[in-house]
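# Structural overview for review
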Amino acid sequence: MKISTFTALVARWLTMVLAIGAIVWTYSVNAPEVTLSYDGNGNPSVVVTKSQLFYLAAAIFLISNVLLAHMKKQIPGIPIAVMPIPHKKLWAESRPELDEFLGNWLFAVISAVNFILSLGLFIVASDNSLQFKLNLGDFNWVYYASYVILFAVLVLIPLKLLRPPVPAS
């Protein structure tokens, strides 16, 4: 097993545990009504029940994990001719490497979704908690960190496909 595959697997499982923990913890500490957004005057503008938030978070978690993990299993059966990748002939000669790279990329997408979902749930729980006195402005960094994570996973990692594979010697 390559280090990239091991890293992708470990990141996926750690973020799955983090997301499950965030979903359960958020459900346990929130009041029956959860505020998701505020208007300009600081009054709640979007309020949901904690059950609705739980089911929404669980749906995002399950859809991303199950659907993308199933897509990973389908990669070897996809003909290279229909894949939107450059250097198709060179990648066809290195099909196992391509399959492994695309599988690791899907696991990276799953990890990013799980991590961003977890951070979002922790913020919602902290904002609605009576125990914590944190301002939403304390969490501005999460917005930018989420964009960096998504940019890295959705743009930077697939850029590796622009380089043709190195033939085995």
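Residues numbered from 1 in each chain as written. Predicted model: local features only at pLDDT ≥ 70, side-chain atom pairs only at ≥ 80, totals over all residues. Heavy atoms only, no water.

## Notes on the packing of helix H4 (residues 95–128) against helix H5 (residues 140–156)
Stated formally: Lines are fitted to the C-alpha atoms to define the axes, a helix being fitted only along its stretch in contact, and any angle between axes, read from their N-to-C directions, falls within 0 to 180 degrees. Only DSSP runs of H or I covering at least 4 residues are called helices, and only runs of E covering at least 2 are called strands; the numbering of each starts at the N terminus. An angle below 35 degrees is read as roughly parallel, one above 145 as roughly antiparallel, one from 65 to 115 as roughly perpendicular, and any other as oblique. By definition, residues are in contact when any of their heavy atoms lie within 4.5 Å. Each residue gets one of three labels, nonpolar for Ala, Val, Leu, Ile, Met, Phe, Trp, Tyr, Cys and Pro, charged for Asp, Glu, Lys and Arg, and polar for the others, Gly among them.
The contact between H4 and H5 brings their axes to 10 Å, and the two run at 170°. Viewed along their axes, H4 and H5 adopt a mutual orientation that is roughly antiparallel. Residues Trp105, Ala108, Val109, Ala112, Phe115, Ile116, Leu119 and Ile123 of H4 pack against Trp141, Val142, Ser146, Ile149, Leu150, Val153 and Leu154 of H5. Counted by class, the contact of H4 with H5 contains 14 nonpolar, 1 polar and no charged residues.

## Here's the deal with the pairing of strand E2 (residues 44–49)
Rule in force here: Strand pairing is assigned whenever DSSP detects at least two bridges linking the two strands.
Pairing geometry for strand E1 (residues 33–38) and E2, over 5 bridges, is antiparallel. Within E2, the residue paired with Tyr38 across the bridge is Pro44. The antiparallel pairing of E1 with E2 creates a hairpin that spans 5 residues between the two strands, and Gly42 there sits at a positive phi of about 90°.

## Thoughts on a nonpolar patch on the surface
Condition: For patch building, the residue pool is restricted to those with more than 30% relative accessible area and no salt bridge; the joining distance is 9 Å between like charges and 5 Å between nonpolar side chains (Val, Leu, Ile, Met, Phe, Trp, Tyr). Per-residue accessibility takes into account occlusion by the displayed protein chains alone, with areas from the Shrake-Rupley method and a 1.4 Å probe. We count a salt bridge whenever a side-chain nitrogen from Lys or Arg sits within 4 Å of a carboxyl oxygen from Asp or Glu. Type-normalised accessible area, obtained with a 1.4 Å probe on protein chains alone, sets the label of each residue: buried when under 20%, exposed when over 50%, and partly exposed for intermediate values.
A cluster of nonpolar side chains, namely Leu150, Phe151, Leu154, Val155, Leu156, Leu159 and Leu162, defines an oily patch on the protein surface of about 600 Å² accessible area. Along the chain, Leu159 turns up in the segment after H5. In this structure Leu159 comes out as partly exposed when scored by relative accessible area, which is 42%.

## A short note on the packing of aromatic side chains
Convention followed: Think of it this way: a Phe, Tyr or Trp ring, Trp meaning its six-membered ring, pairs with another when their centres are within 6.5 Å, and the plane angle makes it stacked under 30 degrees, edge-to-face over 60, tilted otherwise. To sit over a ring, a charge needs its Lys NZ or Arg CZ within 6 Å of the ring centre and within 35 degrees of the ring normal.
Tallied over the entire structure, the rule returns 5 aromatic pairs. Pairing Tyr143 with Tyr144 gives two aromatic rings, centres 5.3 Å apart and planes at 80°, and the pair type is edge-to-face. Considering the side-chain rings of Tyr143 and Tyr147, the 5.0 Å spacing of their centres and the 85° angle between planes classify their relative orientation as edge-to-face. Of the two residues, Tyr143 and Tyr147 both sit in helix H5, 4 residues apart, roughly one turn of that helix. Every member of this aromatic cluster is reached through a ring pair, and the members are Tyr27, Phe54 and Tyr55. Note that Lys50 overlies the ring of Tyr27, its terminal NZ or CZ placed 4.7 Å from the centroid.

## A look at the environment of Ala59
On the secondary structure map, Ala59 appears in helix H2 (residues 50–74). With 57 residues separating them along the chain, Ala59 and Ile116 place their C-alpha atoms 14 Å apart.

## Notes on the confidence of the model for the protein chain
Rules: pLDDT is a residue-level measure of predictor confidence that goes from 0 to 100.
Taken over all residues, the pLDDT of the protein chain has a mean of 88, while the share at 70 or more is 95%. At the low end of the mean pLDDT range in the protein chain sits E1, at 83; at the high end sits H2, at 94.

## A word on H5
What counts, and what does not: A helix is expected to reach a length of 1.5 Å times the quantity of its residues less one. Along the arc lie the directions from the helix axis toward the C-beta atoms.
In this model H5 runs 23 Å from its N-terminal to its C-terminal C-alpha over 17 residues, within 8% of the 24 Å that 1.5 Å per residue would give. Those residues of H5 not exposed but buried are Val142, Ser146 and Val153. Viewed end-on, H5 has its buried residues packed into an arc of 45°, placing them on one side of the element. Counted as exposed and oriented over 90 degrees from the buried face of H5: Tyr144, Tyr147 and Val148. In this fold, the buried residues of H5 make contact with H4.

## Points about unusual backbone geometry
Peptide bonds are trans in most cases, and residues, glycine excluded, mostly fall at negative phi. The phi torsion at His87 lies on the positive side, around 55°, for a residue other than glycine. You can see His87 is positioned in the loop between H2 and helix H3 (88–93). Owing to a relative accessible area of 35%, His87 belongs among the partly exposed residues under this scheme.

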